[in-house]
Every structure is written in C-alpha cells, then in structure tokens.
Amino acid sequence: MLDEDEAAALDALLVGRAVEPVYQPIVDLVGGDVVGVEALIRGPADGPFTRPDAMFAAARRVGRLAELDMLCRGRAVEEAFSAGMRGPLALFVNVEPLTVATELVPFTATSDLAERGVRVVAELTERDLTADPARLFSFADQVRAHGFHVALDDVGAHPASLALMPFLRPEVVKLDLRLVHARPGPEVAEIMSAVAAYAEHSEALVLAEGVETRDHLATARSLGATLGQGWWFGPAQPAQAILPGLRAPRLVPPWRRPAARVPRGSPFATVARVRTPRRATAPLLLSVSRFLERQAAEMGELAVVVAAFQRASSFTGDERRRYSDLARSAAFVGVLGVGMPAEPEPGVRGADLAAGDPVCREWDIAVIGPHFAAALVARDLDDPTGPAGADPDRAFDYVLTHDRPLVLDVARSLLARTVPQAGRDTVGSPDSPVRVVSVGES
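Residues numbered from 1 in each chain as written. Predicted model: local features only at pLDDT ≥ 70, side-chain atom pairs only at ≥ 80, totals over all residues. Heavy atoms only, no water.

Draft legend 1. Spotlight on the overall build of the chain. Counting its regular elements, the chain contains 14 helices and 15 strands. Excluding contacts between residues fewer than 6 apart, the proportion of contacts in the chain whose partners are at least 24 apart in sequence is 73%. About 18600 Å² of surface is accessible on the chain, with carbon and sulfur atoms providing 53% of the total. (Helix = DSSP H or I, 4+ residues; strand = E, 2+ residues; numbered from the N terminus. Contact = heavy atoms within 4.5 Å. Areas by Shrake-Rupley, 256 points an atom, 1.4 Å probe, with all protein chains shown as cover.)

Printed below as a string of structure tokens:
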C-alpha cells in the first residue's frame with residue numbers, strides 16, 4: 001500500500017492527467033533517416049513520481065495500473081497529433097502487459113493519426129509475458145484487427161521473450177540494450193541466433209535499443225538490427241521540439257503482418273487438413289511423446305511445451321514428475337484435460353477442458369524452440385473415458401509434424417485454452433472480451 005502523501009499524489013496525477021510524453025527518434029541504420037519515434041512518459045517534476053518506474057509501481061500496488069496505462073497512451077497520441085505527426089512515420093507506444101485483460105486497451109484516439117498515415121505500434125515488454133499468454137496473444141490479434149502493429153520490447157532480457165516470441169508474432173523485435181553494450185559471448189550468441197531465426201521466418205524488423213556510441217552502432221548492425229534507437233541519434237524531446245521537423249524517410253521499413261489468428265478448434269483437424277494421418281496404438285505415441293519431452297528438456301529455458309492429456313486422470317504420477325522437471329527449466333509448460341487444475345504441479349500451467357471441447361478426444365503435444373518445432377496430434381478412436389496410455393491396444397489416428405507454422409498453430413490453439421498464472425496481478429475475467437476504447441468513452 002501507499003502512504004497518504006503518495007496516494008494523494010497518485011490521485012492528483014491521474015485526475016489532472018499530469019504526465020508528459022517525450023519522443024525519441026527511431027532511425028534506419030542503413031540510410032540514417034528517422035522512420036519513427038517512441039513515446040516515453042515523464043512524471044511531474046516535483047513529488048514522488050518523477051521517475052516513471054516509481055509511478056507505475058505505485059499504480060500497480062493500488063490496482064490503478066490500467067488507468068495509468070491508458071492515460072499515458074492517450075497523452076502520447078494526443079501530443080503526437082497536436083504536433084502534426086504524419087505518415088509514413090511510426091509511433092511506438094508502450095502497453096503494460098498486465099492491463100491487457102481490461103477494456104482499457106490498447107489505444108486511445110488514434111483514428112486521426114491513422115488518417116494521416118501514421119503507423120501505430122503497441123510495444124509490449126517481456127515482463128509477465130508468461131503470466132497469461134492466451135490473453136496476450138488474443139490481445140495482439142485484436143490490435144492487428146484494428147490496423148495497428150505489435151513490437152516486443154527488451155528481447156534478450158529474459159528467456160521467456162525468446163521462447164514466446166513466435167507465438168506473439170511481433171512485427172518488430174526490440175533488442176535489449178544490454179546486448180548492444182555487452183561483450184560477445186555464448187549468451188549473446190544464443191540470443192542473436194534465436195532472433196535471427198525468428199526474423200528469417202517472419203520477416204520482422206529488428207531494432208537495437210541503447211545505441212549511444214559509434215561502437216554501439218557497429219554492434220547493433222552486427223547483431224542484425226536494421227533500426228536503432230538511443231542517444232547517438234538524439235535524446236527524447238517534447239512533441240513540439242521534434243515532430244514538426246521530421247520528414248518522410250527515403251526508405252520506409254517493410255512492415256509484414258502475420259497471417260490469420262490462432263485456430264480455435266481441434267489441433268488434430270488443423271493438421272489433418274494438410275497432412276495425411278496414420279494409425280497407431282498407444283505405446284508408439286507414448287514413445288514419441290517422451291521423445292519430444294526430451295527434446296524440450298535439452299532446449300531448457302528456450303522451450304515451450306504444451307500437451308493435452310484428455311482428462312486430469314491421465315496426468316498420472318509419472319507424467320507429473322516429468323512435467324514438473326520440465327517446468328523447472330522451460331519458459332512455459334502447459335497441460336490440458338477435463339478436470340485439470342490450474343496448477344497441477346509447481347510451475348505447470350493447467351487448463352480444465354469443457355466436456356464438448358474437441359481436444360477431449362485428442363492426445364496432443366507441441367514443443368517449440370528457436371531452432372526446433374514438433375507436434376504430435378492424435379485422435380482417439382476408442383472409448384475416451386479411460387487413461388490414454390493405459391491400454392496398449394488402444395488405437396489413434398495421428399500426425400507427427402515438424403512443419404514450424406503447423407506446430408505453432410497447434411501450440412497456439414492449445415495455449416489459447418490455458419488460464420492465467422495463479423496469484424499474478426492480472427485484471428478482468430478470463431472470458432471477458434478485449435475491446436478498443438476511445439478517449440472519453442466509458
């Protein structure tokens with residue numbers, strides 16, 4: 001909780017809309033043109049919230065994070081519009097991941113900027129990315145449906161950002177400034193390789209933050225970045241000091257939108273539409289499943305594992321031990337089944353399937369890493385009420401695929417059924433829709 005003075009200062013800040021956006025240039029590393037700006041927020045010059053991190057931490061502690069987040073986005077857009085910002089420049093605005101469950105997302109009053117051709121980019125940090133990935137991915141889909149783009153910030157600061165990057169599918173990958181400042185080593189090489197693999201598959205733009213010196217600029221280019229941001233290109237300034245003087249870049253970055261939204265139906269049906277199923281009994285599928293689990297274990301903190309066990313009773317002691325072990329190293333481990341608790345083992349995310357869900361008749365597992373992707377999807381041909389692996393003669397139609405887009409479809413479909421991490425400060429009902437709200441709308 002906040003003391004009385006802090007609470008009063010926060011209330012006055014929110015009521016008085018006392019935050020000021022400043023804008024830092026984002027530059028094309030090849031031609032040197034400014035191609036966009038990021039809106040950064042500054043608190044009041046006096047009082048306890050001069051530093052933005054203190055302001056957001058206080059709002060989080062008293063449940064007003066979404067309110068503050070919406071205020072900051074609104075002010076960023078208003079000031080950019082008032083200063084005459086025009087396309088094809090891009091405006092990056094930060095979105096707090098924990099606010100995506102509310103109706104106060106993702107932007108406010110952007111239609112006028114969009115009419116001027118400005119590309120608005122929702123910038124999400126990797127912080128709390130795994131707390132509720134299903135809602136975050138849904139949020140990203142709806143952002144794009146309204147014509148905006150998605151950027152993932154601080155990539156490399158935490159393994160989860162690398163592991164879940166292919167699921168969020170950002171059009172811009174922002175490298176954490178520590179990569180630009182660090183000496184080359186195994187960790188930098190691992191992050192560089194993961195980002196390069198994602199960018200190659202998705203044609204995403206790679207942006208390096210923290211470029212402050214000529215050496216940083218050279219490092220950013222070496223890391224594969226085509227865009228840069230930092231003091232080398234100029235400080236963050238108020239809108240009227242920077243935006244009116246910006247001209248259209250000679251070369252506009254190629255903005256690539258990801259394909260369709262996550263499939264919501266049967267993972268088996270999704271794959272079987274493009275791959276011919278085979279038939280097998282439970283022992284073979286069990287062997288394949290355990291092989292994929294071992295692959296995930298070898299990838300460690302860059303792995304995402306999600307599996308459907310039909311029902312909680314199939315998630316037995318042996319499976320519990322294996323998935324508990326995986327959860328200690330992998331970025332995300334999820335299991336689904338009828339009656340599955342929200343956290344069947346520490347660190348393992350659960351999802352209770354509805355009785356009519358087609359996944360109830362399936363034995364599915366998807367494993368994704370930066371350089372590995374595989375999914376086993378199987379449809380039960382026998383009585384679906386007993387444990388899937390208990391009867392050695394039990395028959396399934398199945399497909400094993402290493403086609404990365406297909407595997408991602410399977411994993412996203414399963415992840416969409418998972419629930420938020422217990423005890424995290426997410427807001428809103430898991431079933432509530434995400435809606436774009438304009439300034440003044442309640």
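On we go.
Draft legend 2. Representation of the packing of helix H6 (residues 159-168) against helix H14 (residues 404-415) in the model. Interaxial distance between H6 and H14 falls to 10 Å at its minimum, and their mutual angle equals 95°. One finds that H6 runs roughly perpendicular with respect to H14. Residue-level inspection shows Pro166, Phe167 and Leu168 of H6 in contact with H14, the latter providing Arg404, Leu408, Ala411, Arg412 and Leu415. Per-class residue counts for the contact of H6 with H14 are six nonpolar, no polar and two charged. (Axes fitted to C-alpha atoms, helices over the stretch in contact; angles between N-to-C directions. Parallel < 35°, antiparallel > 145°, perpendicular 65-115°, else oblique. Nonpolar A, V, L, I, M, F, W, Y, C, P; charged D, E, K, R; others polar.)

Draft legend 3. Structural view of the layout of surface pockets. Counted as a void, the largest pocket has a volume near 930 Å³. What lines the largest pocket is a set of 35 residues, and nearest its centre among them are Glu38, Leu40, Arg42, Asn94 and Asp153. Broken down by secondary-structure element, the contributors of at least two residues to the lining of the largest pocket are strand S2 (34-42), helix H2 (52-61), helix H3 (65-82), strand S3 (90-95), strand S4 (119-125) and strand S5 (149-155). In the lining of the largest pocket, the residues fall into 14 nonpolar, six polar and 15 charged. (1 Å grid on protein atoms, 1.4 Å probe; cavity = no way out; pocket = protein on both sides within 12 Å on 5 of 7 lines; lining within 4 Å. Points joined across faces, edges and corners; volume = space filled by probe spheres on them.)

Draft legend 4. Up close: the sheet that holds S2. Spatial ordering of the closed barrel is given by S1-S2-S3-S4-S5-S6-S7-S8, a layout of eight strands whose pairing is mixed. If you compare each strand with its neighbour and ignore which way they point, the axes differ by 30° on average. Taken together, the four bridges between strand S6 (residues 172-175) and strand S7 (residues 205-208) define a ladder with parallel strand orientation. Bridging across to S7, Val172 finds its partner in Leu205. Across the face of the sheet, helix H8 (residues 186-202) comes into contact with S5, S6 and S7 while running at roughly 165° to S6. (Pairing = 2+ DSSP bridges.)

Draft legend 5. Spotlight on the environment of Ile191. Position of Ile191 relative to the elements: it lies in helix H8. In this view, Ile191 contacts Gly156, Leu162 and Leu179; residues no more than four positions away in its chain are not counted.

Draft legend 6. Summary view of unusual backbone geometry. Here the bond from Gly87 into Pro88 is cis, since omega is 5°, no more than 30 degrees from zero. Mapping Pro88 onto the fold places it in the loop between H3 and S3. A positive phi angle, close to 55°, is found at Arg17, a residue other than glycine. You can see Arg17 is positioned in the loop between helix H1 (4-16) and strand S1 (20-28). Here Arg17 falls in the partly exposed class, since its relative accessible area comes to 34%. (Buried < 20%, exposed > 50% of the residue type's maximum accessible area, 1.4 Å probe, protein only.)

Draft legend 7. Quick look at H1. With 13 residues, H1 ought to run about 18 Å at 1.5 Å a step, and its terminal C-alpha atoms sit 18 Å apart, in line with that. Buried within H1 are the following residues: Leu10, Leu13 and Leu14. Axial view of H1: buried residues confined to an arc of 90°, hence all on one face. In this structure, H1 carries Glu4, Asp5, Val15 and Gly16 as exposed residues pointing more than 90 degrees from its buried face. On its buried face, H1 sits against H2 and H3. Immediately beyond the C-terminal end of H1, within one or two residues, lies Arg17, with a positive phi of roughly 55°. (Expected span 1.5 Å × (residues − 1). Arc of directions from axis to C-beta.)

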